[in-house]
Amino acid sequence: MARRVGIIGYRGMVGSVLFERMKAEKDFELFEPTFFSTSQQGQAAPDVGKPTGPVKDANDVEALKSCDVLVSCQGGDYTKAVHPKLRGAGWGGYWIDAASTLRMAPNAVIVLDPVNRRVIDSALSKGVKDCIGGNCTVSLMLMAIQGLFDKGWVEWVSSMTYQAASGAGAKNMRELLLQMRTLTQGLGRTLDDGDASILELDRAVSKLLVSAELPTSAFGAPLAASLIPWIDSAVADGQTREELKGHVEANKILGLSPEIPVDGLCVRIGAMRSHSLAMTIKLKKDVPLPEIEQALAGANQWVDLIPNDKEATLKRLSPAAVSGTLRVAVGRVHKLKMGPEYLGCFAVGDQLLWGAAEPLRRVLRILLER
Ligand code: NAP
């Protein structure tokens, strides 16, 4: 196939990480890139080591149509507005997208190739042209416990998430840091005074957290020194849209029929980068723990099984330990008191890599190799 690839939204959080990964893996050598933005048109494109021309207008359908593949990290509203125009104008290229808009469309495949290469190949061979990255937490969950699904052991999964600020994009990351600054600056020299009353410090923080001084326009609530047990909009049955995605996307990615229930609460926490999940997994039978550990560790080359002890957990099982790496750490693996079929585990991975950029750049390679 021809090799004209448009990259839309390269300067956002997902787009920047995708760009870095593509540069590191020398992906730009495989195609002719054009960069698109809704706000930077006419500016110099980022350096990929070869001429690309200036940044083009991401709303210019004619310019977009000249590409064989478009990779969008621009967001759902953009996809909603532009994708129908392109398809309506007869564009038959491949659309690769980080946004959720098209994920559940019947003519779209959700891409996570270490887990569902078979599903991707089957979709492409049927002429599917929309290849959409999965929800970040869902993709990380599947990378983490792929071994259990591959063995057919899973009856259901309850996943309670601890999601980083970067999951909400560039503006929200800045807001978390600004909140941290407001708190620490608001305490002034009291924070440096080791003899200051801890209650005084605590009261000052509590006051700042609910004051107008704390910037909250992006998250709508304090996140630093707090948390937000609500992500995205409400859907039916008391769930949020983020929680709904756990079930529908996991089942679509794996191509499961009958479906396996996946549900739980999604919580935003003050981590900067990397999402975590505490999972309760009901197995179909009592599988011995060593067999479970072997299945988890051997499922893909990125899963990193962490021994269930304090030292290894503190060192290797946290957002701080995995951020910026492709490692998906799984630890705290043990049977729960509910019975021998109930497994508890904790997983953490960089949602900007396996949860966003990595499946997109890998499916681009799959398409270019066809
Ligand atoms: P983002 O950081 O907000 O970037 C989206 C766009 O915002 C950029 O392409 C840029 O477009 C514009 N923008 C405005 N101000 C900016 C600034 N100060 N710095 C950088 N860009 C700025 O959003 P994102 O987190 O990358 O998410 C993009 C899509 O991926 C969304 O649909 C999201 O749901 C999905 N996704 C995100 C994650 C994640 O962990 N963040 C994971 C999986 C999927 P212009 O150049 O056109 O101005």
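From a predicted model like this one, the values you see are computed outputs, not experimental measurements. (Residues numbered from 1 in each chain as written. Predicted model: local features only at pLDDT ≥ 70, side-chain atom pairs only at ≥ 80, totals over all residues. Heavy atoms only, no water.)

S.K.: How would you summarise the sheet that holds strand β5 (residues 94-97) if you had to cite specific residues and measurements?
M.R.: On the basis of which strands lie adjacent, the open sheet formed by 7 strands has the order β3-β2-β1-β4-β5-β7-β6 and parallel pairing. What marks the edges here is a single partner per strand, and that holds for β3 (56-57) and β6 (108-111). Strand direction decides the pairing type here: strand β1 (residues 4-8) and strand β2 (residues 32-37), joined by 5 bridges, are parallel. Within β2, the residue paired with Arg4 across the bridge is Glu32. Those strands touched by helix α3 (residues 76-88) are β1, β4 (69-72), β5 and β7 (130-133), and its axis lies near 175° from that of β5. (Pairing = 2+ DSSP bridges. Helix = DSSP H or I, 4+ residues; strand = E, 2+ residues; numbered from the N terminus. Contact = heavy atoms within 4.5 Å. Axes fitted to C-alpha atoms, helices over the stretch in contact; angles between N-to-C directions.)

S.K.: Lay out the packing of aromatic side chains in plain terms, naming residues and giving numbers.
M.R.: Tallied over the full model, the rule gives 8 aromatic pairs. Clustering of aromatic rings is evident, with ring pairs tying together Tyr10, Phe19, Phe28, Phe31 and Phe35. The ring of Tyr94 has Lys129 sitting right over it, with the charged end atom 5.4 Å from the ring centre. (Phe/Tyr/Trp six-rings, centres within 6.5 Å; stacked < 30°, edge-to-face > 60°. Lys NZ or Arg CZ within 6 Å of the ring centre and 35° of its normal.)

S.K.: Which residues make up the environment of Thr280, and what values do they have?
M.R.: Position of Thr280 relative to the elements: it lies in strand β11 (residues 275-283). As for Thr280 and Ile110, which are separated by 170 residues in sequence, their C-alpha atoms are 24 Å apart. Among all residues touching Thr280, those that are not within four sequence positions of it are Trp156, Val157, Ser158, Leu336, Tyr342 and Leu343.

S.K.: Got a sec to walk through the site of the ligand? Specific residues and values, please.
M.R.: Near the ligand lie 23 residues; those nearest to it are Arg11, Val14, Ser37, Thr38 and Ser39. A distance of 2.7 Å separates an oxygen atom of the ligand from a polar atom in the side chain of Arg11. Between the ligand and Ser37 there is a distance of 2.8 Å, counted from an oxygen atom to a side-chain nitrogen or oxygen. Relative to its free-state accessible area of 880 Å², the ligand is covered by the protein chains to the extent of 77%. Mapped by element, the contributors of at least two residues to the shell around the ligand are α1 (13-24) and α12 (353-369). Partitioned by chemical class, the residues of the shell around the ligand number 9 nonpolar, 13 polar and 1 charged. (Near = heavy atom within 4 Å. Polar contact = N/O pair within 3.5 Å; in protein donor to acceptor, adjacent residues only side chain to side chain. Areas by Shrake-Rupley, 256 points an atom, 1.4 Å probe, with all protein chains shown as cover. Nonpolar A, V, L, I, M, F, W, Y, C, P; charged D, E, K, R; others polar.)

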